[in-house]
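# Structure assessment
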Amino acid sequence: VADYICRYPEVEYYYWPSSKMITCGPALSFVRRLLRRKIITLDSLEDSKLCRCLSTVDLIALGVGSTLGAGVYVLAGEVAKADSGPSIVLSFLIAALASVMAGLCYAEFGARVPKTGSAYLYTYVTVGELWAFITGWNLILSYVIGTSSVARAWSGTFDELLGKQIGYFFRTYFRMNYSGLAEYPDFFAVCLILLLAGLLSFGVKESAWVNKVFTAVNILVLLFVMISGFVKGDMNNWKKTEEFLINYTVYIENLSSPENVTSAFGVGGFMPYGFTGTLAGAATCFYAFIGFDCIATTGEEVKNPQKAIPIGIVTSLLVCFMAYFGVSAALTLMMPYYLIDEKSPLPVAFEYVGWGPAKYVVAVGSLCALSTSLLGSMFPLPRILFAMARDGLLFRFLAKVSKRQSPVAATLTAGCISALMAFLFDLKALVDMMSIGTLLAYSLVAACVLILRYQPSLNYEQPQYSTEKEALAGSERESTASDSQMSMLQGHSFSLLTLINPSSLPTEQSATMVSFLVGLLGFLVCGLSILTTYGINFLANLEPWSVGLLAALVVLLAIIILAIWRQPQSQQKVAFMVPFLPLLPSFSILVNVYLMVQLSGDTWVRFSIWMALGFFIYFAYGIRHSTEGRPREEDEDSLGGHPEDDDGCWGKSATPEKDPLRGLSENEHSSESAHFITSERTSEC
C-alpha cells in the first residue's frame, strides 16, 4: 500500500468507519514523505561538482590502504588476547565472508548508480528517504569512529617508539576514570586528525598519489611480518593446555596453590575461549574490512565507475583477507596469545622472538599503514555528509565545494567531529559502535539488492527520450489515471497460486510480494539471531521449546528464500551483478544481523542515543528541506551552478554508454526509483 501511495500521490484516499467518509490526506502525505525515493536522472548525473580523476588502480590502492591498518596492527592483538586466541584467523575469516557478501551487493549498486553516496544513495533510490537517512547516519557513525580509532592507534604506535613516554605523561596528569572513556585524552590523535582534514581539503588527486606510495610500503611490511612469523613461529603456541594456563595464572597473581583456580586465559588450545569467543572476535574483526566503503563513495570521482567500482571492491577485499589471515597467524605463532601487547602487538612480538631491531622496521611500517588507513577512513566521511547535505537531509552548508573541487566544508566538519571522538572515547567502545552501524548499513544494502532485482520496470526497453513523447505520455497518464489506478488496485490481490507459480516476467504484484518477503525475512533473521545468542544454553540442553522454535525459524527462512527464488527476476544486465540470488544477499543479512546481536548491551544503548540524535535532525530539518520534496528547478538554483563554473574541471559530454537500467516503459510514472541513467557528463582535471 505504501509503495502504491508513493507512486500515485495524486489520488485521495479514504476509509469508512461507521459508514462515514473521512479523508486520510495529512497522514498519507507524511507517509509519502518518509517513503519517497530519489530520482536519478541525466540532469542530476551531469550536475556533479566533483572531478573524475581516479582510475581502477587508485580505487584498489584506496581500498587496501584504508583497510590494512588498525585491523592488523592494533585489533589483531586485542582480539586475540581477549576474545579469540589463536582462532583469530577464523574470526577474520567469518568477518571476511560477511564483508565479501556485502561487498558484492555494493559492487552491483556501484555499477548501477555511479553517484557519490555509497549505501545511503543505494537505499534512497530503492526503499525510500527514511531508510536512506538511517543508512547514511549509520555510515557517518562508522566513518567517524573509524577515523578516531585509527588516529588513536597511530598515536599508540608512535608512543611505543618513544618508550611510552607520552602515555605515561598524560596518564599521570590527565587521567580520566570514567566508564566508556579513554584512560587519558589523546591530544596527539586530535592534532593528527585536524592536520589530515586540512590536507584532504585541497583535493583528491594528490591524496590518491600519496596513498598509493604508503600502501606499497604497507604491503611490503606485512609481507615481512608474515615471512618472519612463519620462520620464527612455534606451533606449540596454538596448543597451550588448560593446566599450563592455570599454573601461569597462579604465577602472575602470586597465588600459593593451583587448587580451585580458574585460568584467566581460557581453556587453551586453538579456541581457548570456545567458538562463542571466536564469533565475538569476528564481530570486532569486522571493523578491519570496512575499507571497501571508501571505494563506494567515489562514484563521481572515478573515470569509469560502472567497471572500476566493482573491480576495486572485490580485488581490495581479497587482498585484505589474505593479509589479515597471514599476519594474525604469524602473530599468534610468534608469541602466546596471552602475552600479546594490546597497544602495539607486532613490535613487542619481534622483541619476544629475539629480533629486536625488526621491531623498529615494523613500527615505522605500522605508521605508514595507519597513515593510509587514517586517510581511507576519513576520505569517505565528508562525501557522505556532502551527498546528504546536497539532498537536503543535512545542513546545506556541508554541500559547499572549494575551487579545487573537494567538499571542503564537509571535510573540516568531519575532522572536528572525529577529533572530539578520538580525544575522549576508548578504542574498544568505538570499534563496537562502529561495527553495529556498519553491519546495519550492509544489511540494508543486501535487502535493497533483493528488492531491486525483482522490479518489473527493469524488463522493458526504454525508448529514446524526447520531450514530445514525454508530454504525450504525461497526457495519456492523466486521461487514463482512474482506469490504471483501479487496475493496479485489483492487480495487487495475492493468491497462493501466484506465489508458487508466478508469471515469467516481473509484475507489480510479484515485486510487492518480494518486498513483503524481504521484510519478513529480516524479522525472522532477528528472531533466529537472538535465539542462538541468548538461548544457546537452552539449545545446548535440548530444551523442547528452544529446539522447536529453532526448527520453526529455520524452516520458515527456507520457505521464504524459496518463495523469493520462485519470483521472476529482471532480465536487464549491468556491468556487475550479485550471483546466487537470493541466497547470497539473504545469507549476508543473516551474518550481519547475527554479528550485531553479539555486541554488548552498552553498545546498543550508545547506538540508540546516536539514532535518537539522528531522528531529531531528520524530523526537525531533513524532512522539510529534502530536495525530493521540491521542484527540480528550485533544487538546481539552490545548489548554485554547475561544475563548469569551478576552476580545474570542464564538463564535456561523453559518448553515451548502454543504459544498465533501461527498464522503464515511457508510461511508467516519473517518480519510479528505477530512473537511473548512466549516460553522464564526465569531468577532467
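None of the values given here were measured: they were computed from a predicted structure.

## Quick word on the overall build of the chain
A count of helical and extended segments in the chain gives 29 helices and four strands. Here the chain holds 685 residues, and the buried ones make up 57% of them. Entry remark: accessible area of the chain is about 28,800 Å², with carbon and sulfur atoms responsible for 66%.

## Comments concerning the nonpolar core
By size, the foremost hydrophobic cluster in this structure holds 168 residues, and its most contacted members are Y106, I140 and L394. Setting aside residues up to four positions removed in sequence, Y106 forms contacts with S118, A119, Y122, L139, F292, D293, A296, I313, A441, Y442 and V445.

## Looking at the pattern of salt bridges
In the structure shown here, the tally under the stated rule is six salt bridges. One salt bridge connects R36 with E129, and the closest N-O pair in it is separated by 2.9 Å. You can see R36 sitting in the loop between helix 2 (25-35) and helix 3 (42-46) and its partner E129 sitting in helix 8 (residues 129-161), a full 93 residues away along the chain. Judged by relative accessible area, R36 falls into the buried class, the value being 14%. In this structure E129 comes out as buried when scored by relative accessible area, which is 0%. Taking the shortest distance from any N to any O, the salt bridge between E628 and K38 comes out at 3.9 Å. With E628 in the loop between helix 28 (601-625) and helix 29 (632-639) and K38 in the loop between helix 2 and helix 3, this pair connects stretches of sequence that are 590 residues apart. The pair E628 / K38 is uniform in exposure class, with both members buried. Overlapping salt bridges bring together K38, D391 and E628 as one network.

## Describing helix 26 (residues 544-566)
When the terminal C-alpha atoms of helix 26 are compared, their 33 Å separation across 23 residues agrees well with the 33 Å that a helix rising 1.5 Å per residue should span. Those residues of helix 26 that sit buried are S546, L553, L557, I560, A563 and I564.

## Observations concerning the confidence of the model for the chain
On average, the chain scores 76 in pLDDT, and the residues at 70 or more come to 79%. For the chain, per-element mean pLDDT is lowest for strand 3 (residues 650-653), which scores 37, and highest for helix 26, which scores 92. Here residues 7-22 is modelled with pLDDT under 50, and outside its nearest four sequence neighbours on either side it reaches 32 contacts, counting other chains as well. Counted against residues more than four places away or in other chains, residues 458-493, with its pLDDT under 50, gives 51 contacts.

## So, the state of the cysteines
Taken as a whole and assessed by the stated rule, the structure comprises zero disulfides. With no disulfide of its own, C105 has C448 as its nearest cysteine by sulfur position, at a separation of 9.5 Å. When its relative accessible area of 0% is taken as the criterion, C105 is described as buried.

## Describing the packing of helix 2 against helix 28
Helix-helix packing is described using two parameters, namely the angle between the two axes and the distance between the axes. One way to put it is that helix 2 packs onto helix 28 with a least axis distance of 11 Å and a crossing angle of 85 degrees. The orientation of helix 2 relative to helix 28 falls into the category roughly perpendicular. For the pair helix 2 and helix 28, contact is made by F30, R33 and L34 and by Y618, F619 and I623, respectively.

## Things to note about unusual backbone geometry
A cis geometry characterises the amide bond from L581 onward to P582, with omega recorded as 0 degrees. Tracing the chain through its elements places P582 in the loop between helix 26 and helix 27 (583-597). At L542, a residue that is not glycine, the phi angle is positive and equals roughly 55 degrees. Mapped onto the fold, L542 is located in the loop between helix 25 (536-540) and helix 26. Classification of L542 by relative accessible area gives exposed; the value is 62%. The phi dihedral of F580 is positive, around 55 degrees, even though this residue is not glycine. Here F580 shows up in the loop between helix 26 and helix 27.

## Brief notes about a nonpolar patch on the surface
On the surface, a nonpolar cluster with roughly 420 Å² of combined accessible area is contributed by F169, Y173, F174 and F187. Structurally, F174 can be placed in the loop between helix 9 (165-173) and helix 10 (187-200). Taking the relative accessible area as the measure of exposure, F174 reaches 37% and is therefore partly exposed.

## Things to note about the side chain of R383
Here R383 is to be found in helix 18 (residues 380-390). Within polar-contact distance, the side chain of R383 engages the backbone oxygen of F379 at 2.9 Å. The contacts of R383, once residues within four sequence positions are left out, are T116, V204, T297, E301 and P407.

## Some thoughts on the packing of helix 8 against helix 17 (residues 358-378)
For the pair helix 8 and helix 17, the least separation of the axes is 9 Å and the interaxial angle reads 160 degrees. Put simply, helix 8 runs roughly antiparallel to helix 17. Crossing of helix 8 against helix 17: the hand is left-handed. Residues Y143, G146, T147, V150, A151, A153, W154, T157, F158 and L161 of helix 8 form the contact with helix 17, whose participating residues are Y360, A363, S366, L367, L370, S371, S373, L374, S377 and M378. Classifying every residue of the contact of helix 8 with helix 17 gives 13 nonpolar, seven polar and no charged.

## Structural notes on the packing of aromatic side chains
Within this structure, the stated rule accounts for 28 aromatic pairs. The interplanar angle of 55 degrees and the centroid separation of 5.8 Å between the aromatic rings of F321 and F325 together place this pair among those described as tilted. Of the two residues, F321 and F325 both sit in helix 15 (residues 305-334), four residues apart, roughly one turn of that helix. A relative accessible area of 22% means that F321 is categorised as partly exposed. Each residue in the set F30, F133, W137, W610, F615, Y618 and F619 is aromatic and connected to the rest through ring pairs, giving one cluster. Cation over ring: K240 sits above F244, and NZ or CZ is 4.8 Å from the ring centre. Lying over the aromatic face of F379, R383 brings its terminal NZ or CZ to 3.7 Å of the ring centre.

## What to know about helix 2
Those residues of helix 2 not exposed but buried are L28, R32 and L34. Buried residues along helix 2 cover an arc of 160 degrees about the axis, so they all sit on one side.

## Some thoughts on the side chain of S529
Note on placement: S529 falls in helix 24 (residues 508-534). By relative accessible area, S529 is classed as buried at 0%. Beyond its immediate chain neighbours, meaning those up to four positions away, S529 contacts L590, V593, Y594 and V597.

## Concerning the environment of D186
Structurally, D186 can be placed in the loop between helix 9 and helix 10. With 35 residues separating them in the primary sequence, D186 and A151 have C-alpha atoms 9.2 Å apart. The residues touching D186, leaving out its near neighbours within four places in the chain, are R152, S155, A422 and F423. Engagement of the side chain of D186 in a polar contact is seen with the side chain of S155, the distance being 3.0 Å. Here the side chain of D186 touches A189 through a polar contact of 3.1 Å, landing on its backbone nitrogen.

Procedures and definitions
- Residues numbered from 1 in each chain as written.
- Predicted model: local features only at pLDDT ≥ 70, side-chain atom pairs only at ≥ 80, totals over all residues.
- Heavy atoms only, no water.
- Helix = DSSP H or I, 4+ residues; strand = E, 2+ residues; numbered from the N terminus.
- Buried < 20%, exposed > 50% of the residue type's maximum accessible area, 1.4 Å probe, protein only.
- Areas by Shrake-Rupley, 256 points an atom, 1.4 Å probe, with all protein chains shown as cover.
- Core = buried A, V, L, I, M, F, W, Y, C linked by side-chain atoms within 4.5 Å.
- Contact = heavy atoms within 4.5 Å.
- Salt bridge = Lys/Arg side-chain N within 4 Å of Asp/Glu carboxyl O.
- Expected span 1.5 Å × (residues − 1).
- pLDDT = per-residue confidence, 0-100.
- Disulfide = S-S within 2.5 Å.
- Axes fitted to C-alpha atoms, helices over the stretch in contact; angles between N-to-C directions.
- Parallel < 35°, antiparallel > 145°, perpendicular 65-115°, else oblique.
- Patch = residues over 30% accessible without salt bridge, like charges linked within 9 Å, V, L, I, M, F, W, Y side chains within 5 Å.
- Polar contact = N/O pair within 3.5 Å; in protein donor to acceptor, adjacent residues only side chain to side chain.
- Left-handed = near helix turned anticlockwise from the far one by under 90°.
- Nonpolar A, V, L, I, M, F, W, Y, C, P; charged D, E, K, R; others polar.
- Phe/Tyr/Trp six-rings, centres within 6.5 Å; stacked < 30°, edge-to-face > 60°.
- Lys NZ or Arg CZ within 6 Å of the ring centre and 35° of its normal.
- Arc of directions from axis to C-beta.

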